[in-house]
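Okay, here's what each chain looks like letter by letter:
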Amino acid sequence: MSVQMLGARHRSAYDRKPTPSSALAHIPGDDGWPLVGHTLVLLSDPKGFVERRAQRYGPIYRSRAFGQTNVSLLGPEANELVLLDSQKSFSSALGWDVLLGRLFPRGLMLLDFDEHRLHRRALSVAFKSGPMQSYLRQLDTGIAKGVAQWPSGREFKFYPAIKQLTLDLAATSFLGAQLGSELDSVKLAFIEMVAAAIAVIRVPFPGTQMGRGVRGRALIVEYFNRQIPLRRERGGDDLFSQLCRATWEDGSLLSNADIVDHMSFLMMAAHDTLTSSLTSFVYRLAANPLWQEKVREEVRGLKLAADEPLAFSRLDELALTEMAFKEAMRLAPPVPSLPRRAVRDFDFLGYRIPAGTGVNVNPLYTHYMPEIWPEPERYDPMRFDADATRMRHKFAFAPFGGGAHMCLGLNFAYMQAKCFTWHFLNKFRVSVTSDYRPGWKMWPIPYPRDGLTVALTPV
Ligand code: HEM
């Protein structure tokens, strides 16, 4: 059976109307306001909303948002049940479809079970150590160039600057350095698509964000389709060229449509998550100068010459940097909640939940549970030393999810974070004023509302 037929057969077997609220009356919770349910409060204060409901109803509750009743399951055991999904009870495709289906159809997170496994295996070739080494070379050059242009000695908005840099890096390491005159239009089209994924108006009327996103997708699809035969012919070290040569288990090449869908999805999955995590990381380093010094000492300990590239084989030496980055992601996980739809009835804490129900797990809530993370608001990278990590539940820290859909770009993310840290801290000391507390918008991807005001001074 072809991979496409597998997908169609599987999905039609479990796709069904969402469970109505009346069938979930036995689950603690309520439906919120008429029509909007809890949508507005969830959007304005997602962390406070979940914490208040947990306090009132406990670790399983129902709520109503975006026109659907969902059941939230909280804590590491819930994360394990849903993400590990040993019974194949939870569809990621049906969970993410509302947000991502129109612009990123058939990206990895929008595939399930056997079909997902085959696609994931085909894509994995692009994340093996050979290709990763060549992405690192691109990242190293791009980061050195980008960071060198940042100003020192005056106020600097970090978030827009890292967003631009991450986009430029994706253009070279994902698409190759030879984009030429098309570079700007491809980047703009991509930005419009990502922004549209979280647009409030979900219909692509002209002039709306969704309208611009759909137009951006058309341009990207056209560009990729035109490039695929060229990349197959002449090769290349970038991620796109890797996918153009990737094969199924029987040795046949992925179709153009598959490559287009996977490439668009990969760029989206990488871009905002890296922007968000590097922003919260730099904020924490700025607000914790002692930790900033320790991490700087570690990266400088590599003793690289001024223009010597950071080699892939040396990334493991940056253990403290990794711990400091993880602690920033604990406090602001780039994907704060993970949606699924149950495709079988299942049980949690004595409650039976029927197939068809929208289910959420919540890394953001889990990362602040005081019984797991004492003084949860405090920034303390030592929480990630080997001993502390060994003592914790495996799913207490879940910024990359877990199980079959665990982030495929996890090593790419650590690699980019380490490479960035080396260049950034080697060049600058970063600070914030002592009374500065940036307001974070935490959902759907955390970012500082004011762009994060920092000061950079030469080291
Ligand atoms: C700090 C950065 C990142 C974070 C926090 C992050 C987080 C996540 C999370 C939580 C998921 C699982 C979602 C779910 O189970 O519903 C995921 C999936 C995924 N991520 Fe990432 N991600 C990051 C960077 C990247 C990068 C750099 C890439 C690509 C180069 C990438 C590619 C993917 C892909 C392809 C999936 C889907 C995997 C699957 O469904 O099998 N991510 N990511």
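So, here is what we can say about the structure in this document. Everything numeric here is computed off the predicted structure, so don't read it as measured data. The residue numbers shown here count from 1 along each chain, following its written sequence. In keeping with the model being predicted, local features are shown solely for residues with a pLDDT of at least 70 and side-chain atom pairs are shown and tallied solely at 80 or more, while totals for entire chains, interfaces and linings include all residues. The side-chain values count all of the structure's non-hydrogen atoms but skip hydrogen atoms and water molecules.

1. Points about the overall build of the protein chain
Condition: Runs of H or I in DSSP of at least four residues are treated as helices and runs of E of at least two as strands, each being numbered from the N terminus. All radius of gyration figures rest on C-alpha atoms, and the globule criterion is 2.2 Å times the number of residues raised to 0.38. Each residue is placed in one exposure class: buried if its accessible area under a 1.4 Å probe, protein chains only, is under 20% of its type's maximum, exposed if it is over 50%, and partly exposed if it falls in between. Residue contacts are defined here by distance: any two heavy atoms, one from each residue, within 4.5 Å place the two residues in contact.
Of regular secondary structure, the protein chain possesses 17 helices and 12 strands. By the compact-globule yardstick of 23 Å for 459 residues, the protein chain fits well, its C-alpha radius of gyration being 22 Å. Along the longest, intermediate and shortest principal axes, the C-alpha atoms of the protein chain span 65 × 55 × 45 Å. The buried share of the protein chain, reckoned over its 459 residues, is 56%. The long-range share in the protein chain, meaning contacts at least 24 apart out of those at least 6 apart in sequence, stands at 72%.

2. Details of the pattern of salt bridges
As a reminder of what qualifies: By definition here, a salt bridge exists when the distance from a side-chain nitrogen of Lys or Arg to a carboxyl oxygen of Asp or Glu is within 4 Å.
Taken as a whole and judged by the stated rule, the model has 26 salt bridges. Among the charged side chains, a salt-bridge network with shared partners connects Lys 47, Glu 51 and Glu 377.

3. A short note on the site of the ligand
Quick reminder of the rule: In this text, near means that some heavy atom of the residue lies within 4 Å of the molecule or strand in question. For the purposes of these results, a polar contact is taken to be a pair of N or O atoms within 3.5 Å, where, inside protein, one atom must be able to donate a hydrogen and its partner to accept one; residues adjacent in sequence count only when each atom of the pair is a side-chain atom. Each residue gets one of three labels, nonpolar for Ala, Val, Leu, Ile, Met, Phe, Trp, Tyr, Cys and Pro, charged for Asp, Glu, Lys and Arg, and polar for the others, Gly among them.
By nearness alone, 30 residues border the ligand, and His 116, Arg 120, Arg 340, His 405 and Cys 407 come closest of all. The contact in question runs from an oxygen atom of the ligand to an N or O atom on the side chain of Trp 96, over 2.8 Å. Within the side chain of His 405, one N or O atom sits 2.6 Å away from an oxygen atom of the ligand. Looking at the shell around the ligand, the elements that each hand over two or more residues are helix H6 (113-124), helix H12 (256-287), strand S5 (338-342) and helix H17 (410-427). It is H12 that provides the largest number of residues to the shell around the ligand, a total of seven residues. Looking at the shell around the ligand residue by residue, the class counts come to 22 nonpolar, six polar and two charged.

4. Overview of the packing of helix H8 (residues 158-175) against helix H9 (residues 183-197)
How we decide: Fitted lines through C-alpha atoms give the axes, limited to the stretch in contact for helices. The angle between two N-to-C directions lies from 0 to 180 degrees. Crossing handedness is read from the near helix: turned anticlockwise from the far helix by less than a right angle, it gives a left-handed crossing, and turned clockwise, a right-handed one.
At a minimum axis distance of 11 Å, the contact between H8 and H9 shows a crossing angle of 115°. Regarding H8 and H9, the two cross each other, and that crossing is right-handed. Taken together, the residues of H9 that come into contact with H8 (itself represented by Gln 164, Leu 167, Asp 168, Ala 171 and Leu 175) are Leu 183, Val 186, Lys 187, Phe 190 and Ile 191. Its residues assigned to classes, the contact of H8 with H9 shows seven nonpolar, one polar and two charged.

Read these as spatial facts, not as claims about activity.
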